[in-house]
Amino acid sequence: MTEALDLDHLRSWIGRTETHEDLLSPWTASAMAATVRNDGQAWQPGRALPPLWHWCYFLPTAPQNGLGPDGHPARGGFLPPVPLPRRMWAGSQFEFFAPLKLATPSTRTSRVVDVNLKQGKGGALVFVKVQHEVHAGGALLLREFHDIVYREAPRPGESAPPQTPPADAAWTVEHLPDAPLLFRYSALTFNSHRIHYDFPYVTQVEGYEDLIVHGPLIATLLLEAAQQNNPGRAVRAYTFKAVRPLTCGKPLRVRGHAVQPDGTVVLWAEDAQGALLMQATARFA
């Protein structure tokens with residue numbers, strides 16, 4: 001597969017941009033709150049949008065006949081046409097400068113900033129890094145670097161050994177991500193990636209044992225818990241890296257250490273067996 005990859009062609013996508021505008025509907029925030037906070041109240045215009053909830057906005061609307069076999073928009077538009085079958089959200093790095101406000105016209109500008117080829121134990125890996133910036137009223141509100149990884153099809157018996165999470169958590173919040181949660185989050189983010197809802201596809205084509213919990217959903221639940229355990233403190237930066245997938249219906253534990261004097265805190269997610277699923281750091285004001 002490595003020989004079939006034309007890295008120079010894929011790297012020609014570096015610098016490509018796209019822009020999406022949004023009014024930041026209060027209803028969408030209300031639906032997100034009902035999904036990740038069990039909050040059934042209506043959110044009002046002008047309220048600050050919590051960190052990471054912007055993923056429910058600025059959504060590209062690929063037509064049905066413009067989807068690829070995995071349910072994502074067909075490759076070769078804004079993102080390069082990487083000829084590897086599996087696509088995953090590897091991680092993100094954020095800076096939060098000011099909150100987004102509901103019912104406020106806002107713009108997200110995205111740019112492909114890097115494309116790299118690496119070799120892993122499972123074969124070729126292509127990493128695509130995309131920078132997103134959100135502006136409103138002429139001000140930069142947040143900057144995100146989004147890492148996407150494309151991988152080869154699974155090999156028989158392929159399974160990476162689990163990593164051990166940090167010890168001595170100061171707090172733990174437990175979740176049980178089920179099919180309705182995955183459905184609602186997919187709907188809120190207009191995400192038609194079949195690994196989150198199509199059981200025959202995810203098991204027979206991508207080789208997983210069950211539906212996959214969204215990496216951004218885990219990252220959101222992790223940061224939500226960190227804020228709940230540090231009330232009144234604004235998030236200024238957040239970085240997460242996906243380590244291992246979690247399948248639907250399996251327990252999820254999001255955990256963290258105490259905040260350090262400089263405002264930083266180590267966060268992580270693990271499964272019921274204690275295997276590390278996601279590692280993260282946040283910085284509070």
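Rules behind the numbers
- Residues numbered from 1 in each chain as written.
- Predicted model: local features only at pLDDT ≥ 70, side-chain atom pairs only at ≥ 80, totals over all residues.
- Heavy atoms only, no water.
- Helix = DSSP H or I, 4+ residues; strand = E, 2+ residues; numbered from the N terminus.
- Rg over C-alpha atoms; globule rule 2.2 N^0.38 Å.
- Buried < 20%, exposed > 50% of the residue type's maximum accessible area, 1.4 Å probe, protein only.
- Contact = heavy atoms within 4.5 Å.
- Areas by Shrake-Rupley, 256 points an atom, 1.4 Å probe, with all protein chains shown as cover.
- Lys, Arg positive; Asp, Glu negative; His and termini not counted.
- Charge placed at Lys NZ, Arg CZ, Asp CG, Glu CD.
- Core = buried A, V, L, I, M, F, W, Y, C linked by side-chain atoms within 4.5 Å.
- Pairing = 2+ DSSP bridges.
- Axes fitted to C-alpha atoms, helices over the stretch in contact; angles between N-to-C directions.

This next bit is on the overall build of the protein chain. Counting secondary structure elements, the protein chain contains five helices and ten strands. By the compact-globule yardstick of 19 Å for 285 residues, the protein chain fits well, its C-alpha radius of gyration being 19 Å. Evaluated residue by residue, the protein chain yields a buried proportion of 45% over its 285 residues. Put simply, 72% of the contacts in the protein chain that link residues at least 6 apart link residues at least 24 apart. Carbon together with sulfur atoms contributes 53% to the accessible area of the protein chain, which is approximately 13600 Å² in total. Once the 26 positive and 26 negative side-chain charges of the protein chain are each reduced to a mean point, those two points are 3 Å apart.

Now for the nonpolar core. Nonpolar side chains in soluble globular proteins generally cluster together in the buried interior. Residues L52, Y57, L100, Y238, F240, L252 and L267 are the most contacted members of the largest nonpolar core, which totals 57 residues. No other element matches helix 5 (residues 215-228), which puts eight residues into this core. Apart from the residues within four sequence positions on either side, L100 is in contact with L24, R47, A48, L49, H54, F58, V134, L141 and L142. Among the nonpolar cores identified, the runner-up in size contains 14 residues, and L79, L84, A124 and I148 belong to it.

The side chains of a regular strand alternate between both faces of the sheet. Here strand 2 (residues 86-96) runs beside strand 7 (residues 235-242); their pairing, made up of five bridges, is antiparallel. Within strand 7, the position partnered with S92 by the bridge is F240.

This part takes up the sheet that holds strand 5 (residues 139-151). A sheet is described by the order of its strands in space; here ten strands give the open sequence 1-3-4-5-2-7-10-9-8-6, paired in antiparallel fashion. A strand with exactly one partner marks an edge of an open sheet, and here the two such strands are strand 1 (17-22) and strand 6 (171-175). Recorded for the sheet is a direction-independent mean angle of 20 degrees between the axes of neighbouring strands. With five bridges joining them, strand 6 and strand 8 (residues 252-256) adopt antiparallel strand pairing. Its bridge partner being in strand 8, V173 is matched across the sheet by V254. Packing against the sheet, helix 5 makes contact with strand 2, strand 6, strand 7, strand 8, strand 9 (264-271) and strand 10 (276-284), and its axis sits at approximately 45 degrees to strand 10.

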